[in-house]
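# Fold and contact review
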Amino acid sequence: NCMPALQNGFTTIRTTGTAFRGFGCMDAKRAIDRGLFPAARLLVAPHALGIPGGHWDFSIFHGNTNPFISELLEQPYAIGNGADEFKRLVRKQVKYGADFIKIMAAGGFASPGDDPGEPQLDEDELRAIIQTAKSLGKPVAAHAYTSDVIDMLIHLGVHEIEHGTLMQPHTADLMAEHDIYLVPTIFSLIGDPKADPATLPPRSPAYQRKLDKYKQQLDESRVTIRQLILDEKVTVGLGSDIVSGKQNIDSWCEFQAWRNIGIPALRTLVAATSANAKIIGREDLGVIAPGKLADISGWPRDLLTDFEALSECGFVMKEGTIYRQ
């Protein structure tokens, strides 16, 4: 996916915790950094840390009716219980090259056995992860939706919130007060309003039930997030979390989603460039200026008026080398 991502104009992408047992994503990152093949540079959290049966325990998709199979499928580097075990898991991630730590602090929409409003790591576990990561110089990004979970994460010193799509207005103020970064992944829950429902893959009953349950809260929180972006008091980045209908390399869909909820084009581009560079700690990226890496992408369509303009990239330069023209 890193190669088509570069061709699509995205010169840097993050892997926020894979579903695989090993550390192959680190091999891909190192191969790209060495110039072995032309691709977007990778920033990697090898595994997202979570609890047995939680949002990132993929064994429940396949073997939860058979405990023996489920135990074989459970990821040994990602799933834990208790503060000490999560300290060990953080150290393992860093040992093998993690750029940052990703945690599943709550349930989700796509996983079958939990709920987006459900906390999945207790306060002691969260504190252990965040403090251990900080001691090793690594930021922590947390999957979380509701204010209850996000407020606790902020007070414990988290670096960034992924999603936040059920937050209340006071949490947006708290994020601004503590300089917490946000990547709202808007497309994942609103999709493409022009898409024909008959052509989309069917949602699981659990996923649809959660969407129905939280519909009003999602609508209210979308207003909160929109205002948070427009106020510019919080650093908000653009990132995809596409779970159906598209591939994650179709990052342009997130640009479309921001425009669909009323965010101006230039504000959206700031999120995709300089704001994202700040979130990932890369001051050499995100702007066109002397002394920065020459990462430049161009599109032949009008980004100011065309919500789908980013779907057709016309020019890509990464570190001064042209990959598409």
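In what follows, the accompanying structure is described.

Analysis parameters
- Every chain is numbered on its own, with residues counted from 1 as its sequence reads.
- The predicted origin of the model limits local features to residues at a pLDDT of at least 70 and limits the giving and counting of side-chain atom pairs to 80 or more, whereas totals for whole chains, interfaces and linings rest on all residues.
- No hydrogens and no water enter the side-chain calculation; it runs on all heavy atoms of the structure.
- Put simply, DSSP H or I for four residues or longer makes a helix, DSSP E for two residues or longer makes a strand, and each gets a number counted from the N terminus.
- We call two residues in contact when some of their heavy atoms are within 4.5 Å.
- Surface accessibility follows the Shrake-Rupley procedure with a 1.4 Å probe radius. Residue values consider only the protein chains on display as shielding.
- In this tally, Lys and Arg are treated as positive and Asp and Glu as negative; His is ignored, and so are the chain termini.
- A charge is said to be at NZ when it belongs to Lys, at CZ for Arg, at CG for Asp and at CD for Glu.
- Patch definition: residues above 30% relative accessible area lacking any salt bridge, with like charges linked at up to 9 Å and the nonpolar side chains Val, Leu, Ile, Met, Phe, Trp and Tyr linked at up to 5 Å.
- Salt bridges, as used here, are contacts in which a Lys or Arg side-chain nitrogen is within 4 Å of a carboxyl oxygen on Asp or Glu.
- Ring pairs shown here join Phe, Tyr and Trp side chains whose ring centres sit within 6.5 Å, with only the six-membered ring taken for Trp; geometry is labelled stacked below 30 degrees between planes, edge-to-face above 60, and tilted in between.
- With a 1.4 Å probe rolled over the protein chains alone, any residue whose accessible area is under 20% of its type maximum counts as buried; one over 50% counts as exposed, and the rest are partly exposed.
- Pairing between strands requires that DSSP locate at least two bridges from one strand to the other.
- When the strands point away from the viewer and the connection leading from the first strand across the helix to the second strand turns clockwise, the crossover is called right-handed.

With that settled, the discussion passes to the overall build of the protein chain. Assigned secondary structure in the protein chain consists of twelve helices and nine strands. In terms of principal-axis extent, the alpha carbons of the protein chain reach across some 55 × 45 × 40 Å. Once local pairs closer than 6 in sequence are excluded, the contacts in the protein chain between residues at least 24 apart make up 63%. Carbon and sulfur atoms provide 52% of the accessible area of the protein chain, an area that totals close to 15,000 Å². Separation between the mean location of the 33 positive side-chain charges and that of the 40 negative ones in the protein chain comes to 5 Å.

There is a patch of nonpolar side chains on the surface, built from Phe-68, Ile-69, Leu-72 and Leu-73 and spanning about 390 Å² of accessible area. Here Leu-73 lies in helix α3 (residues 67-73).

Glancing now at the packing of aromatic side chains. Summed over the entire model, instances satisfying the criterion amount to five aromatic pairs. Seen in terms of ring centroids, Phe-109 and Tyr-145 are 5.1 Å apart; in terms of plane orientation they differ by 85 degrees. Their pairing is edge-to-face. With Phe-109 in the loop between β3 (101-104) and α5 (123-135) and Tyr-145 in strand β4 (residues 140-146), this pair connects stretches of sequence that are 36 residues apart. A single burial state applies to Phe-109 and to Tyr-145, both of which are buried. For the pair Phe-109 and Tyr-207, a centre-to-centre distance of 6.5 Å together with 55 degrees between the ring planes defines the contact as tilted. In this pair, Phe-109 is assigned in the loop between β3 and α5 and Tyr-207 in helix α9 (residues 205-213), connecting sequence segments 98 residues apart. Residue classification places Phe-109 among the buried residues on the basis of a relative accessible area of 2%.

Here β3 shows two buried faces, one formed by Ile-101 and Ile-103 and the other by Lys-102 and Met-104. Where β3 and β4 come together, four bridges link them in parallel fashion. Looking at β4, one finds that Ile-103 is bridged to Ala-142. Crossover handedness for the path β3 to α5 to β4: right-handed.

Note on placement: Pro-67 falls in helix α3. Taking the C-alpha atoms as reference points, Pro-67 and Asp-196, 129 residues apart in sequence, are found 39 Å from one another.

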